[in-house]
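Examining the three-dimensional arrangement
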Amino acid sequence: MYRGGQDWRDGPRGGPRYNDVPRGGPYGGPGPRGPPPAAAQPAAPAEEIDREKTCPLLMRVFPKQGGHHKLEDFTDRTKLPDEIAIYTWMDADLRELSDLIKEANPAARARNARMSFAFVYPDRKGRNVMRQVGVVHATRPGEDDIKTLRGLNFQTGDYLDVSIY
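This is a predicted model, so every value here is computed, not measured.

So, about the overall build of the chain. Counting its regular elements, the chain contains 1 helix and 5 strands. In the chain, which comprises 165 residues, the share counted as buried stands at 32%. Counting only contacts in the chain whose residues sit at least 6 apart along the sequence, the fraction spanning at least 24 positions is 62%. Looking at the chain as shown, the accessible area adds up to about 12100 Å², and 51% of this sits on carbon and sulfur atoms.

This paragraph deals with the side chain of T88. Within the secondary structure, T88 sits in strand β2 (residues 84-88). Apart from residues no more than four positions distant in its own chain, T88 is found in contact with P56, L57, M59, E96, L97 and L149.

This brings us to the pattern of salt bridges. Under the definition given, this model contains 7 salt bridges. In this structure, R95 and D145 form a salt bridge, with 2.9 Å as the shortest nitrogen-oxygen distance. Within this pair, whereas R95 is found in helix α1 (residues 94-104), its partner D145 is found in the loop between β4 (128-137) and β5 (159-164), the two being separated by 50 residues in sequence. When sorted by exposure, R95 lands in the same class as D145, which is buried. Residue D144 is joined to K147 by a salt bridge in which the shortest nitrogen-to-oxygen separation is 3.0 Å. For K147, a relative accessible area of 30% gives the class partly exposed. Put simply, R51, D91 and E96 are held in one network by salt bridges that share partners.

What follows is about the layout of surface pockets. In this structure, the largest pocket occupies an estimated 150 Å³ of space. Looking at the largest pocket, the residues that line it are L58, R60, F74, T75, R77, V120, Y121, P122, N128, G157, D158 and Y159. Sorting the residues of the lining of the largest pocket by element identifies β1 (57-65) and β3 (114-122) as the ones contributing at least two each. Among the elements that make up the lining of the largest pocket, the one with the highest residue count is β3 (3 residues).

As a further point, take the pairing of β5. For β5, the buried fraction is high: 6 of the 6 residues fall into the buried class. Every second residue of β5 is oriented toward a common face, with Y159, D161 and S163 on one face and L160, V162 and I164 on the other, all of them buried. Where β1 lies against β5, 6 bridges are found, and the strand directions are parallel. If you follow K64 over to β5, its bridge partner there is S163. Relative to β5, β3 is paired through 6 bridges, and the arrangement is antiparallel. Considered in β5, the bridge of A118 is made with D161.

The rules behind each value
Residues numbered from 1 in each chain as written. Predicted model: local features only at pLDDT ≥ 70, side-chain atom pairs only at ≥ 80, totals over all residues. Heavy atoms only, no water. Helix = DSSP H or I, 4+ residues; strand = E, 2+ residues; numbered from the N terminus. Buried < 20%, exposed > 50% of the residue type's maximum accessible area, 1.4 Å probe, protein only. Contact = heavy atoms within 4.5 Å. Areas by Shrake-Rupley, 256 points an atom, 1.4 Å probe, with all protein chains shown as cover. Salt bridge = Lys/Arg side-chain N within 4 Å of Asp/Glu carboxyl O. 1 Å grid on protein atoms, 1.4 Å probe; cavity = no way out; pocket = protein on both sides within 12 Å on 5 of 7 lines; lining within 4 Å. Points joined across faces, edges and corners; volume = space filled by probe spheres on them. Pairing = 2+ DSSP bridges.

Rendered as structure tokens:
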């Protein structure tokens with residue numbers, strides 16, 4: 001029961017109350033709960049792949065001049081469009097892949113050629129999904145040139161659809 005002027009949280013002689021003790025918050029309020037935050041550490045560099053010791057993966061590439069393939073083209077595995085088989089590693093970037101495609105496809109060798117890359121993979125329901133991942137120009141460098149397969153979350157078994165403009 002409250003008796004005029006004395007609170008139950010006061011000490012026996014009216015000393016400081018429990019919430020009058022300074023705490024560690026930035027503005028005098030209660031501080032953050034839990035341990036102090038860790039110092040920001042720089043992102044760890046992607047682990048290097050030793051191409052002499054690591055087995056390459058087989059990537060099925062489907063180039064087409066003028067635009068990307070339709071998703072319906074990938075539903076029947078026996079009737080897939082023209083295919084290029086490329087053996088590569090997960091640290092390969094889009095520029096390296098475009099150079100390999102230029103060796104097999106004459107349309108990609110043009111000075112003003114532009115290649116648009118897209119991954120084709122099944123979603124959780126089993127339907128194919130196409131995801132655009134980058135564009136590489138034949139002669140001039142661009143921001144998508146250095147994107148690696150690992151950085152783009154490529155998984156073994158995904159198709160690479162390439163549109164050559």
